[in-house]
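# Breakdown of the fold
One-letter residues, chain by chain:
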Amino acid sequence: QVQLVESGGGLVQAGGSLRLSCAASGRTFSSYAMGWFRQAPGKEREFVAAISWTGGSTNYRDSVKGRFTISRDNAKNTVYLQMNSLKPEDTAVYYCATGSGIIATTARSRYDYWGQGTQVTVSS
């Protein structure tokens with residue numbers, strides 16, 4: 001059974017940084033792409049970033065390009081999201097996800113397994 005556990009969320013002032021981690025278990029981590037999504041109150045869950053199975057390809061939503069970096073450590077079965085220059089509009093619950101593919105896809109429907117989420121709050 002695939003399990004994803006996020007950590008690293010918290011409260012930060014605008015302009016600050018946070019690093020989210022997602023520890024995966026239950027299958028061969030290095031064989032699958034990973035993604036990060038977020039959901040703000042009253043809004044749909046939206047794609048943030050994704051990384052291919054090898055880490056050689058990444059994909060970001062436009063609003064986080066240049067500020068967020070996704071990476072993975074296959075030896076530790078962990079994917080990271082480094083978030084810099086945070087803005088109040090980045091406030092959301094952040095979810096780690098994975099599916100059966102190897103490509104860094106933005107499509108929510110391609111992700112079958114989800115973590116419980118970690119809260120990120122950016123104050124102005």
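So, here is what we can say about the structure in this document. Just so you know, these numbers come straight off a predicted model, no measurement behind them.

For the rest of this paragraph, the subject is the overall build of the chain. A count of helices and strands for the chain gives 0 helices and 11 strands. Each helix and strand of the chain, placed in order from N terminus to C terminus, yields the pattern β-β-β-β-β-β-β-β-β-β-β. In terms of C-alpha radius of gyration, the chain reaches 13 Å, essentially the compact-globule figure of 14 Å for 124 residues. Within the chain, the proportion of its 124 residues that are buried is 42%. Put simply, of all contacts in the chain between residues at least 6 apart along the chain, 59% involve residues at least 24 apart. As displayed, the chain has an accessible area near 6200 Å², and 45% of this comes from carbon and sulfur atoms. Mean positive and mean negative side-chain charge positions of the chain (13 and 8 charges, respectively) differ by 3 Å.

By size, the foremost hydrophobic cluster in this structure holds 27 residues, and its most contacted members are Trp36, Val79, Leu81, Met83 and Tyr94. For this core, the elements supplying multiple residues, two or more each, are β3 (18-25), β4 (34-39), β5 (46-51), β7 (68-73), β8 (78-83), β9 (92-99) and β11 (118-123). Among the elements that make up this core, the one with the highest residue count is β3 (4 residues). Residues Phe37, Phe47, Ala97 and Tyr111 belong to the second largest nonpolar core, which totals 6 residues.

With that out of the way, let us pick up a nonpolar patch on the surface. A cluster of nonpolar side chains, Trp53, Ile102 and Ile103, forms an exposed patch at the surface whose accessible area comes to about 310 Å². On the secondary structure map, Trp53 appears in the loop between β5 and β6 (58-60). By relative accessible area, Trp53 is classed as partly exposed at 39%.

This part is about the state of the cysteines. As used in these notes, a disulfide is a covalent bond between sulfur atoms, one from each of two cysteines. On inspection of all chains with the given rule, the structure shows 1 disulfide. The disulfide partner of Cys22 is Cys96, and the S-S distance across this bridge is 2.1 Å. Because the torsion about its S-S bond is -75 degrees, the bridge between Cys22 and Cys96 counts as left-handed. Within this pair, whereas Cys22 is found in strand β3, its partner Cys96 is found in strand β9, the two being separated by 74 residues in sequence. In this structure, Cys22 and Cys96 share a single accessibility class: buried.

Conventions and cut-offs
- Residues numbered from 1 in each chain as written.
- Predicted model: local features only at pLDDT ≥ 70, side-chain atom pairs only at ≥ 80, totals over all residues.
- Heavy atoms only, no water.
- Helix = DSSP H or I, 4+ residues; strand = E, 2+ residues; numbered from the N terminus.
- Rg over C-alpha atoms; globule rule 2.2 N^0.38 Å.
- Buried < 20%, exposed > 50% of the residue type's maximum accessible area, 1.4 Å probe, protein only.
- Contact = heavy atoms within 4.5 Å.
- Areas by Shrake-Rupley, 256 points an atom, 1.4 Å probe, with all protein chains shown as cover.
- Lys, Arg positive; Asp, Glu negative; His and termini not counted.
- Charge placed at Lys NZ, Arg CZ, Asp CG, Glu CD.
- Core = buried A, V, L, I, M, F, W, Y, C linked by side-chain atoms within 4.5 Å.
- Patch = residues over 30% accessible without salt bridge, like charges linked within 9 Å, V, L, I, M, F, W, Y side chains within 5 Å.
- Salt bridge = Lys/Arg side-chain N within 4 Å of Asp/Glu carboxyl O.
- Disulfide = S-S within 2.5 Å.

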